[in-house]
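In case you want the letters, here they are:
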Amino acid sequence: MRFRAKIVDLACLNHFSRDIISTIAKLAKTCILRLTLSKLYFILSDKVANGGASMWCELSQGNFFDEFQMEGVAAEHNEIYLEFVPENLWRALKTAQSAKAVKIKLTNKHCPCLRVAVELPSVSSSSRIVTHDIPVGVIPRRMWNDFREPSVPDFDVSIYLPVLKTMKSVVERMKNLSNFIVIEANLSGEMNLKIEADLVSVTTHFKDLGNPPWASEDGCQSSAQGRDLESMAEACIDIKKLQQLLAGQQVNPTKALCNIVHKRIVHFILLHEEVSLQYFIPAIA
Amino acid sequence: CIVQCFLSLAVFGRAIHAIARISDEFWFDPIEKGLALRSVNSSRSAYACVFFSSMFFQHYCCTAVSQPCQKEKQLSLPCKLIIKSVLPVFRCVNVLERNVEKCSISTSPSEHHITFQLLCRHGVVKTYNLTFQECDPLQAVFAKHMCPNVLKVHSRLLADVMIHFPTSQEEITLSVTPMKVCFKSYTEEDTDFSRTMLTEIQLSPEEFDYFQVGVDSEVTFCLKELRGLLALSEAASVPVSVHFDRCGRPIAFSIEDLLLEASFILATLCEAEKEAASPEPACCPQPWDR
């Protein structure tokens, strides 16, 4: 098993660390990094420890890395699955803003590690080198099935999200009043965010959001088709999880939408040019 | 009775904050030449001394108090102050200089008070009367000139190095050879590597204003205690000198210019020794308190 990668372009480095790694670090304490020849995946599976939330983030390595070499566990399974703490990677990259180059390598000194070596400019002829060893756990082949891409649920309503900055400030204020938030939306582009506390209930209404067109895969009716356009599908979710998702968004995504399965789960999809993020928050019973 | 007014509140405030990292109390020790603030931590593994020469102040007056029963004139004994009571006076150093026009410190031994008075904008006057305890003098003796390894560098470089370590990082190891300098996270034998992120920074000797390595060495010291000195050095724009020897011997970080001198002397751990070190600084035959 081998992995070596290098980023030389500062814009790519900042995009990778500030927009992607910092977001992942906010959403998951530990997560899985899956490496293939062409892509990187950050995966959080829906175990109870995560409060049932799960995440799937996918990006093409070619958009970020100038060099990328990888050899998986075996020829037929040319992939690597590593468990790690994204906050560590964020910390390592955070101070690399003026780096000449960043190299990442899988090593095994005392234990398996991702070694991040940052080459920084210095007044002397030789560069300053900062090395961070981030411990990782290698996930054995037999457990890879636990981390498959989640399928899009059979949703009742799919709707584009409001401007994330607005949604973030609304949710942040609501967080002070309640631990849970109800998201409801219909196929007429209307969404409401509702909280209820002992003394007060607050609802924020959004209109004209638009509903994304989903082509049905095999021509059969999904729950969404033939549905009354005004009828709301709702789910009550942990407000902190929603706030964490919104807090991580530094840049406006190209597309941001959510799929609601009534009283079951909310599936968020945030698409940027080079990276896609899916986040599933289950409804509180 | 001693009265002083500051030239630079920001520097004085940072000095207080730096000393606060060492201990909860500090020694306030005025002498004719200037004002010394000293502190030592409870395990005696860190000692700090900041000395402001009389030129640091717009007005400095330290009069000896003559004791009729003594054979000779004696300056009033140093006194000990609880640092927590002083910190609020200099809480937001950045804001201080903007809002405070003048600051004065005066002591009246008869009343066991030290008075800090801040004359602020808009005619606001803040007066803090802080009680002190008289105590024995505190002084560490550390022969810097006997250290084989000496580095001198602008505080900016050290700050740029320390930024790569988490703020929670307790100890770091400085490793030098004549060819390179390396700061790294401290690890001990039973460190759980599968849970710990390790950071290492390598620098070339050329980055230092002065670089002398007489003996290859690897010393481990407490980073938290040092951060305060770095902030002070930055505020005062004075480069930092590092004097050290082999592991187990103390390491001294100091700054010096016409107006102020500061020394932070920290004990270092020695891998060879089984027990964690709490060594006396070199050449300090007498105990801390006499």
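Calculation notes
Residues numbered from 1 in each chain as written. Chains lettered and ligands numbered in written order. Predicted model: local features only at pLDDT ≥ 70, side-chain atom pairs only at ≥ 80, totals over all residues. Heavy atoms only, no water. UniProt positions renumbered as here; feature names shortened; annotations may be inferred. Core = buried A, V, L, I, M, F, W, Y, C linked by side-chain atoms within 4.5 Å. Buried < 20%, exposed > 50% of the residue type's maximum accessible area, 1.4 Å probe, protein only. Helix = DSSP H or I, 4+ residues; strand = E, 2+ residues; numbered from the N terminus. Contact = heavy atoms within 4.5 Å. Salt bridge = Lys/Arg side-chain N within 4 Å of Asp/Glu carboxyl O. Domains from an automatic or database assignment. Buried area = accessible area lost by both parts, 1.4 Å probe.

- Per an unreviewed UniProt entry, the recorded name for chain B is Cell cycle checkpoint control protein RAD9A, and the organism is Prunella fulvescens.
- Under the heading Catalytic activity (unreviewed entry), UniProt records this for chain B: "Exonucleolytic cleavage in the 3'- to 5'-direction to yield nucleoside 5'-phosphates."
- UniProt annotates chain B under Subcellular location (unreviewed entry) with the comment "Nucleus".

- In the nomenclature of an unreviewed UniProt entry, chain A is known as Checkpoint protein HUS1 of Prunella fulvescens.
- In its Subunit (unreviewed entry) section, the UniProt record describing chain A reads: "Component of the toroidal 9-1-1 (RAD9-RAD1-HUS1) complex, composed of RAD9A, RAD1 and HUS1. The 9-1-1 complex associates with LIG1, POLB, FEN1, RAD17, HDAC1, RPA1 and RPA2. The 9-1-1 complex associates with the RAD17-RFC complex. HUS1 interacts with POLB, HDAC1, FEN1, PCNA and RAD9B. HUS1 does not interact with RAD17. Interacts with DNAJC7."
- According to the UniProt record, the Sequence similarities (unreviewed entry) comment for chain A is "Belongs to the HUS1 family."

## Remarks on the nonpolar core
Here is step 1 of the chain: If you look at the biggest cluster of nonpolar residues, it comprises 151 residues, and the most contacted ones within it are Phe16 and Phe42 of chain A.
Here is step 2 of the chain: Considering each element in turn, this core owes the most residues, eight residues, to helix H1 (residues 10-27) of chain A.
Here is step 3 of the chain: Look past the residues within four positions of Phe42 of chain A in its chain and what remains in contact with it is Phe16, Ile20, Ile21, Ile24, Cys31, Ile32, Leu33, Met55, Trp56, Cys57, Leu59 and Phe84 of chain A.
Here is step 4 of the chain: Listed in part, the eleven residues of the second largest apolar core include Val40, Ala140, Phe142 and Ala252 of chain B.

## Details of the pattern of salt bridges
Here is step 1 of the chain: Enumeration according to the criterion identifies 16 salt bridges over all chains in this entry.
Here is step 2 of the chain: The salt bridge involving Arg128 of chain A is made with Glu207 of chain B; its shortest N-O contact spans 2.9 Å. Remark: Glu207 of chain B occurs in the loop between strand S14 (198-203) and strand S15 (210-213) and Arg128 of chain A occurs in strand S9 (residues 128-135); the pair is interchain, linking two chains.
Here is step 3 of the chain: Overall, Glu207 of chain B belongs to the buried group, its relative accessible area being 5%.
Here is step 4 of the chain: When salt bridges with common partners are traced through the structure, they connect Arg156, Asp160 and Glu234 of chain B into a single cluster.

## Side note on the domain arrangement of chain A
All names here are of chain A.
Here is step 1 of the chain: The domain boundaries assigned to chain A delineate domain 1 (2-146) and domain 2 (157-282).
Here is step 2 of the chain: A C-alpha centroid distance of 29 Å is found between domain 1 and domain 2.
Here is step 3 of the chain: Opposite the 21 residues of domain 1 that make contact, domain 2 presents 16 residues.
Here is step 4 of the chain: A buried area of about 1,500 Å², summed over both sides, lies between domain 1 and domain 2, and 58% of it is on carbon and sulfur atoms.

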